Amino acid sequence: MMGLEPKNLHSSIPVPSVQELASLQLEAVPSRYMRDDMESIISTVASDNTLRVPLIDMTKLVDPESQETELQKLHAACKEWGIFQLINHGVSDESLRNMNKQTQEFFDLPSKEKQRWAQKPGSLEGYGQAFVTSEEQKLDWNDMIFLKALPIEDRNPEIWPENPPKFRESLDRYSQDMRQIAVALTRFMAMGLEIETRELCAAYEEGLYQIRMNYYPPCPQPERVTGLTPHVDIPGFALLLDCGDTPGLQVLKDGRWIFVEPLDGAVVVDMGRITEILSNGLYKAPEHRAVVSKSKERRSIVTFCYPALSFKVGPAMELIKLGSPPLYKTVTVEEYLGCFFNPKPDVPFIDTMKI
Ligand code: OGA
Ligand code: NI
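Model, not experiment: these values are computed from the prediction.

**Overview of the sheet that holds strand 10 (residues 267–271)**
Part 1 of the reasoning: With mixed pairing, 8 strands are arranged side by side in an open sheet as 1-2-10-7-12-5-4-3. Where the open sheet ends on each side, the last strands, each with one partner, are strand 1 (55–57) and strand 3 (126–128). Each strand of the sheet is rotated relative to its neighbour by a mean of 25°, with strand direction disregarded.

Listed below in structure tokens is the structure:
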């Protein structure tokens, strides 16, 4: 679930798998993928390699000796970037490696086999491409599978792959691991914001965790396509696992696109609109996108983390003071998602949340 604004979710148009397209070894990409509507993808990439996404160490947040300093770093990262890499997050390398392997094996299955878990009309869940609503729409160089993972009742067994054989078991474990990171992180973010932590953490304990696995095949004209169109995520935050060492994720920082260089064992934390609202605009949900490579495929596993459906999303009470009035309405997560999926024509989603 991204910040892309769906227009009519009941008629997602089936489009070819880019993995299949890539296997044809074309010299040029079909026109539906050519982003003539955007400036050249390559020319907008920052050449300034000195600018790096912040790095946050969870063990330093936990250790009383270093907590204060690391909390300040976290707070600054959320305010200035809205995205950072998290290390020593407490989830074992084994769990990450395992999910990575299962995802790779899934995308490596023959096309016909993957189709067993294809999206059904009107649903975003399953294997396919998201939000294709018109024949004219430009397409991303991306195949994906999107699955609701937590709470367990939200799982849809019809589209949870049974092949590769260990996929389900791995995703079950992985989603619980991501929840553990989300809850821990929420506590530290709330501490950084100096707002009440208990209710918020409980809401993430009982939250929604939805996982999107992205596959970006090599592309004959990477400078002309997007792997994923620029967007802002809508949950509390997204936890992104880069599955290899090919960079692809970029974040827009002060008008320039900066690569998030993959770091083995790290999880990329990307703020979504819910955190922006909760912090009354202090933490920014950044615009980001994915670019692709000419010779290398790339995979990512993105967990969208939401507080429980009944949780009220609005600017935290402690942040509302004289001179800083609430900028956003307060609505339940359920209502918030309802607004997202039934957008008003020509009104950007976030504007419908503003006071
Ligand atoms: C997403 C996303 C980026 C990536 O799935 O919302 O931003 O690098 N993915 O795959
Ligand atoms: Ni995203």
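From this point, the narrative continues.
**A few points about the pattern of salt bridges**
Part 1 of the reasoning: Counted according to the given criterion, the structure contains 13 salt bridges.
Part 2 of the reasoning: Two residues, D177 and R173, come together in a salt bridge whose shortest N-O distance is 3.3 Å. With D177 and R173 both in helix 6 (residues 167–193) and 4 residues apart, this pair spans about one turn of that helix.
Part 3 of the reasoning: By relative accessible area, D177 is classed as buried at 9%.
Part 4 of the reasoning: Exposure remark for R173: the relative accessible area of 37% places this residue in the partly exposed category.
Part 5 of the reasoning: Sharing partners across several salt bridges, the network here consists of E113, R116 and E162.

**What about the UniProt feature "domain: Fe2OG dioxygenase" (unreviewed entry) in the protein chain?**
Part 1 of the reasoning: Sites flagged by UniProt as "domain: Fe2OG dioxygenase" (unreviewed entry) map to residues 207–307.
Part 2 of the reasoning: The span residues 207–307 carries 6% helix and 45% strand; its end-to-end C-alpha distance comes to 4 Å.

**Quick notes on the environment of I83**
Part 1 of the reasoning: With respect to the secondary-structure elements, I83 resides in strand 2 (residues 83–87).
Part 2 of the reasoning: Exposure remark for I83: the relative accessible area of 0% places this residue in the buried category.

**Overview of the coordination of the nickel ion (ligand 2)**
Part 1 of the reasoning: For the nickel ion (ligand 2), the protein coordination sphere consists of H231 (NE2), D233 (OD) and H288 (NE2), at 2.1 to 2.3 Å.
Part 2 of the reasoning: Motif for the nickel ion (ligand 2), donor spacing along one chain: H-x1-D-x54-H. Taken as a pair, H231 in strand 6 (residues 228–231) and H288 in strand 11 (residues 288–290) lie far apart in primary sequence, 57 residues in all. Taken as a pair, H231 and H288 share a single burial class, namely buried.

**What about unusual backbone geometry?**
Part 1 of the reasoning: Along the chain, L150 connects to P151 via a cis peptide bond; the corresponding omega equals 0°.
Part 2 of the reasoning: Within the secondary structure, P151 is located in the loop between strand 4 (143–150) and helix 6.
Part 3 of the reasoning: Residue P164 is bonded to the preceding N163 through a cis peptide linkage, with omega at 0°.
Part 4 of the reasoning: On the secondary structure map, P164 appears in the loop between strand 4 and helix 6.
Part 5 of the reasoning: Phi at E194 takes a positive value of approximately 60°, unusual for a residue other than glycine.
Part 6 of the reasoning: Of note, E194 is situated in the loop between helix 6 and helix 7 (198–205).

**Comments concerning the sheet that holds strand 6**
Part 1 of the reasoning: On the basis of which strands lie adjacent, the open sheet formed by 4 strands has the order 6-11-8-9 and antiparallel pairing. In this open sheet, the two strands that pair with only one neighbour each are strand 6 and strand 9 (256–259). Sheet twist, expressed as the mean angle between neighbouring strand axes with direction ignored, is 25°.
Part 2 of the reasoning: In this structure, strand 6 lies alongside strand 11, joined through 2 bridges in antiparallel fashion. The partner of L228 across the bridge, within strand 11, is A290.

The rules behind these values
Residues numbered from 1 in each chain as written. Chains lettered and ligands numbered in written order. Predicted model: local features only at pLDDT ≥ 70, side-chain atom pairs only at ≥ 80, totals over all residues. Heavy atoms only, no water. Pairing = 2+ DSSP bridges. Helix = DSSP H or I, 4+ residues; strand = E, 2+ residues; numbered from the N terminus. Axes fitted to C-alpha atoms, helices over the stretch in contact; angles between N-to-C directions. Salt bridge = Lys/Arg side-chain N within 4 Å of Asp/Glu carboxyl O. Buried < 20%, exposed > 50% of the residue type's maximum accessible area, 1.4 Å probe, protein only. UniProt positions renumbered as here; feature names shortened; annotations may be inferred. Donors = N, O, S within 2.8 Å, 3.2 Å for Na, K, Ca; no water.

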